[in-house]
Amino acid sequence: MKKNYLSLVLIFVFFLQASSQNTELPEIWSFQSNGPIFSIPSVSRESVFIGSLDSNVYCINSETGKLRWKYKTMGAIRNSILVTDRLIYGFSMDGMLYALDPNNGNLIWKKWIATDKQYDYGDWKTSSPVTDGNLIIMGAADSSVYALDMNTGTTIWKTKLRGIIHATPSLTNKEIMIGDFGGYMYCLEKESGKIKWEFRSVGHRFFPIGEFQGDPVAGNSVVMAAGRDYNIYALNIQTGRSLWNHSFPLGWALGNTILRDSCLYVTTSDDKVLAAYSLSSGRELWRTNMDFNMFAPLFVHNNEGYLGTLLGKFYKVDLKSGSKELLFTTKGYQQFNQEYFSKEGVWSNKAVETFIKDISNYVQALYKLGSFFSAPLITENNIYITSLDGKLYCLKKK
């Protein structure tokens, strides 16, 4: 009797342990494109819109995951689709900005901007178009910021900067914040495009230009700028004066810095930490080891943070303490992690040797693992997130 009772207790304890460890969210559906996806999902009218490196803009049924329509461009799409009440807009590396009918994918107009290309292998995205009133604003590889009429594509103004622009603009009531690969952060007047001020990064011995690749985020009279010089900068929006900066010892902190209330949340690459800072002083509030590199920005929803890593793992983070909870793992990681990683969870010597031999092997590894490079989009019931495995995932929110 005692033996049977002990067996029941052990089974019950094992069940509790297994239940507590199995916190991953169920996958409702996934949609497979023909190329890696860097695009943040956009949801409107029961549809999800994404762009892919296979050159297509996709419209997918948000409930079923079935394709509604797709539109083929002549170049890879490395940015997010802008959705408005009337039209959607996507920029392709063929140099065109496309305005499409969201209901059927018909082309309404297209506007030549500038042929785009990657700066280097670490340059994974292009500037996403944003909207303000009747304007579409975006940066381009010809080192210019464009303001276009959203109905016709007509250029309202164009401002030439120093380097190629792959950061997405951040807007205030009257200003545009944007950085370039020339190592400068700029504040432009929204109405005219006139440069109000500019700020130069300090640079780093490995990246002396200090390219501003990260998307700026503006709020509470501060704009946060992230450069390749291992720094994040807090700048006064009105003057461009540096209020404080924080340097990371191992690498970039280019994932979108997210402002919420008086806190700043920063995702890092080689430092592998998610950190929270006081926006006013730069004082560190907490940091959490995320175990792997992050380029995807933190997404805040209902006082909780969500982000993915290059390992193909997706987490929920408590914004007050930094504690993390694994929500989802790609099938790519499950299938290929032993091919690339040691038992300690770091790149194996064999993998590193292949990366050194040819950097494209590293990029292919990220594709196979299903790395997350974009933020999720979260609705009342679902989580939508794209991956370098070419999939758009729809997960059931808890």
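Thresholds, definitions, all that
Residues numbered from 1 in each chain as written. Predicted model: local features only at pLDDT ≥ 70, side-chain atom pairs only at ≥ 80, totals over all residues. Heavy atoms only, no water. 1 Å grid on protein atoms, 1.4 Å probe; cavity = no way out; pocket = protein on both sides within 12 Å on 5 of 7 lines; lining within 4 Å. Points joined across faces, edges and corners; volume = space filled by probe spheres on them. Nonpolar A, V, L, I, M, F, W, Y, C, P; charged D, E, K, R; others polar. Pairing = 2+ DSSP bridges. Helix = DSSP H or I, 4+ residues; strand = E, 2+ residues; numbered from the N terminus. Axes fitted to C-alpha atoms, helices over the stretch in contact; angles between N-to-C directions. Phe/Tyr/Trp six-rings, centres within 6.5 Å; stacked < 30°, edge-to-face > 60°. Buried < 20%, exposed > 50% of the residue type's maximum accessible area, 1.4 Å probe, protein only.

Asker: I would appreciate a short explanation of the layout of surface pockets in the present structure.
Answerer: Empty space left among the atoms is revealed by rolling a probe the size of a water molecule over them. In this structure, the second largest pocket spans a volume of roughly 530 Å³. Every residue lining the second largest pocket is counted, 24 residues in all, and those nearest its centre are Y121, G122, W252, F295 and Y362. By residue class, the composition of the lining of the second largest pocket is 15 nonpolar, five polar and four charged.

Asker: Looking at this model, I keep getting lost on the sheet that holds strand β18 (residues 217–219). Mind explaining?
Answerer: Pairing between the strands of a sheet is mediated by backbone hydrogen bonds and can be parallel or antiparallel. Strand order across the open sheet formed by four strands is β18-β19-β20-β21, with antiparallel pairing between neighbours. Looking at the sheet topology across the chains shown, the edges are occupied by β18 and β21 (242–247). Each neighbouring strand pair of the sheet contributes to a mean axis angle of 15°, computed without reference to strand direction. Both strand β19 (residues 222–226) and strand β20 (residues 231–236) contribute to a ladder of five bridges, which runs antiparallel. Paired with A226 across the bridge in β20 is I232.

Asker: Got a minute to help me understand the packing of aromatic side chains in this structure?
Answerer: Pairs of aromatic rings are described using the distance from one ring centre to the other and the angle between the two planes. Inspection of every chain in the model, using the stated rule, returns 29 aromatic pairs. Aromatic side chains F49 and W69 sit 6.2 Å apart centroid to centroid with 50° between the ring planes, which places their arrangement in the tilted category. With a gap of 20 residues between them, F49 in strand β3 (residues 47–51) and W69 in strand β5 (residues 67–72) connect regions that are remote in the sequence. Assessed through its relative accessible area of 1%, F49 is described here as buried.

Asker: I would appreciate a short explanation of unusual backbone geometry in the present structure.
Answerer: Residues apart from glycine generally show negative phi values, whereas peptide bonds are mostly found in trans. The backbone phi angle of S55 is positive, close to 80°, even though this residue is not glycine. Mapped onto the elements of the fold, S55 is located in the loop between β3 and β4 (56–61). For S55, a relative accessible area of 11% translates into the label buried. Residues other than glycine seldom take positive phi values, yet K272 does so here, at roughly 60°. Counting through the fold element by element, K272 comes out in the loop between β23 (263–267) and β24 (273–278). We classify K272 as partly exposed; its relative accessible area is 27%.

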